[in-house]
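# Topology and contacts: notes
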Amino acid sequence: MRQLIAGNWKMHGLGDALGEIEALKRMLAGNPPPADVLVCPPATLLTRAVAAAGGAIAMGGQDCHSEQKGAFTGDISAEMLKDAGASAVIVGHSERRQYHGETDGLVASKARAAWRAGLMAIICVGETEDQRDSGHALHICGNQLAGSVPDGLTAENTAVAYEPVWAIGTGRTPTSREIEEMHAHVRQSLVRRFGEIGRRTRILYGGSVKPSNAAEILRVADVGGALVGGASLKAAEFGAIIACANPDA
Ligand code: PEP
């Protein structure tokens, strides 16, 4: 499958940020991307971002509730995201796990909700710095993966994102060898559980991806794309990362 370059705007962006979507759309029109491109703006911008993208850029949510509807004040269902024009949703981002106490089981139920609504789920896993330093990174991510990915995964309905917590927003990244080792581990787990489907499922890398390191990261074996936070907020930077996608991956 083509690599997927996904932008996570987190809690950034008012109406004027839509100019970045328009700018990105212009850039991609002039230079067709060697990858699938997705932007996950805040929910408040989703409908307007879909309109601004005019079909040229896929849009996604950053989280969803596991239920379709109900008395869950402040929450947004996968069906609502779909209705607003999303085609994907991030679930289990480390900021959700850390600040909202999300467990693997809850993340799995959100992934199932995404599929129920017809959205692709981007399921995030990643170790903390202490866990890496103590040599437990592979084990931790393997456990998160086992608990967060429900039965029913297909290469089309899911991308897994490996995002080391210590690399998010810090400017630090693992070495290419460390990324390769983790992606091989995730791949092995997916293949063991899902067979050929697991071989085709995209495994994204996320954590301080920027134009200066994107080409190297996107050429690492088993890297099926990138999940990009800070550097996705500006079209020029995000466009430069997209241009680094590996068409032969
Ligand atoms: C993220 O939060 O998903 C992320 C990868 O952030 P950043 O690129 O800013 O490290």
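Now for a quick tour of the structure. (Residues numbered from 1 in each chain as written. Predicted model: local features only at pLDDT ≥ 70, side-chain atom pairs only at ≥ 80, totals over all residues. Heavy atoms only, no water.)

### Here we look at the site of the ligand
- The environment of the ligand is formed by 14 residues, the closest being Lys-10, His-93, Glu-163, Gly-169 and Ser-208.
- Contact distances for the ligand include 2.8 Å between an oxygen atom and a side-chain N or O atom of His-93.
- A per-class count over the shell around the ligand returns four nonpolar, eight polar and two charged. (Near = heavy atom within 4 Å. Polar contact = N/O pair within 3.5 Å; in protein donor to acceptor, adjacent residues only side chain to side chain. Nonpolar A, V, L, I, M, F, W, Y, C, P; charged D, E, K, R; others polar.)

### Here's the deal with the pairing of strand β5 (residues 120–125)
- The buried fraction of β5 is high, at six of six residues.
- Residue alternation in β5 divides its side chains into two sets, Met-120, Ile-122 and Cys-124 and Ala-121, Ile-123 and Val-125, and both sets are buried.
- With four bridges connecting them, strand β4 (residues 88–91) and β5 associate as parallel partners. Considered in β5, the bridge of Ala-88 is made with Met-120.
- Where β5 lies against strand β6 (residues 158–162), five bridges are found, and the strand directions are parallel. From the neighbouring strand, Ala-121 faces β6, where its bridge partner is Thr-158. (Buried < 20%, exposed > 50% of the residue type's maximum accessible area, 1.4 Å probe, protein only. Helix = DSSP H or I, 4+ residues; strand = E, 2+ residues; numbered from the N terminus. Pairing = 2+ DSSP bridges.)

### Concerning the sheet that holds strand β2 (residues 36–40)
- Spatially, the eight strands close up into a barrel ordered β1-β2-β3-β4-β5-β6-β7-β8, and their pairing is parallel. Taken over all neighbouring pairs, the strand axes of this sheet differ in orientation by 25° on average, direction set aside.
- Note: strand β3 (residues 58–61) against β4, two bridges, orientation parallel. What sits directly across from Gly-61, in β4, is Val-89.
- Along the sheet, helix α5 (residues 104–117) contacts β4, β5 and β6; its crossing angle with β5, the most-contacted strand, is approximately 165°.
- This element, helix α7 (residues 137–148), spans β5 and β6 of the sheet and lies at about 150° to β5. (Axes fitted to C-alpha atoms, helices over the stretch in contact; angles between N-to-C directions. Contact = heavy atoms within 4.5 Å.)

### Quick notes on the pattern of salt bridges
- Tallied over the full model, the rule gives 17 salt bridges.
- One salt bridge in this structure joins Lys-10 and Glu-95, with 2.8 Å as the shortest N-O distance. Of this pair, Lys-10 sits in the loop between β1 (4–8) and α1 (18–30) while Glu-95 sits in helix α4 (residues 94–99), and the two are 85 residues apart along the sequence.
- Linking Arg-96 and Glu-102 is a salt bridge whose minimum nitrogen-to-oxygen distance equals 3.0 Å.
- On the basis of relative accessibility, which here comes to 7%, the residue Glu-102 falls in the buried class.
- When salt bridges with common partners are traced through the structure, they connect Asp-63, Arg-96, Glu-102 and Lys-110 into a single cluster. (Salt bridge = Lys/Arg side-chain N within 4 Å of Asp/Glu carboxyl O.)

### Details of the layout of surface pockets
- Its volume calculated, the largest pocket comes out at about 640 Å³.
- Lining the largest pocket are 24 residues, and of these Lys-10, Met-11, Gln-62, Asp-63 and Arg-96 lie nearest its centre.
- If one sorts the elements of the lining of the largest pocket by residue count, α4 sits on top with three residues.
- Along the lines of polarity and charge, the residues of the lining of the largest pocket split into nine nonpolar, 10 polar and five charged. (1 Å grid on protein atoms, 1.4 Å probe; cavity = no way out; pocket = protein on both sides within 12 Å on 5 of 7 lines; lining within 4 Å. Points joined across faces, edges and corners; volume = space filled by probe spheres on them.)

### Some thoughts on the environment of Lys-69
- Note that Lys-69 resides in the loop between β3 and α3 (78–83).
- Taking the relative accessible area as the measure of exposure, Lys-69 reaches 67% and is therefore exposed.
- Sequence spacing of Lys-69 and Met-80 is 11 residues, and the spatial spacing of their C-alpha atoms is 8.8 Å.

### Structural notes on the side chain of Ser-94
- For Ser-94, the location among the structural elements is in helix α4.
- With residues up to four places along the chain from it excluded, the contact list for Ser-94 reads Val-165 and Ile-168.

### Some words on the nonpolar core
- Within the largest apolar cluster, 66 residues are counted, with the highest numbers of intra-cluster contacts made by Ile-5, Ile-21 and Ile-57.
- Residues in contact with Ile-21, not counting those within four places in the same chain, are Trp-9, Val-39, Ala-49, Ala-52, Ala-53, Ile-57 and Met-59.
- Within the second largest apolar cluster, 13 residues are counted, among which are Leu-4, Leu-38, Ile-122 and Leu-204. (Core = buried A, V, L, I, M, F, W, Y, C linked by side-chain atoms within 4.5 Å.)

### Observations concerning empty space enclosed by the protein
- Under the definition given, this model contains two cavities of 30 Å³ or more.
- Taken as a whole, the largest cavity holds about 40 Å³ of empty space.
- Every residue along the wall of the largest cavity is listed here: Trp-9, Glu-20, Ile-21, Leu-24, Val-39, Ser-232, Lys-234, Ala-235 and Phe-238.
- Looking at the lining of the largest cavity, the elements with two or more residues in it are α1 and α11 (235–242).
- Sorting elements by how many residues they give to the lining of the largest cavity places α1 first, with three residues.

That's the geometry; what it means functionally is another story.
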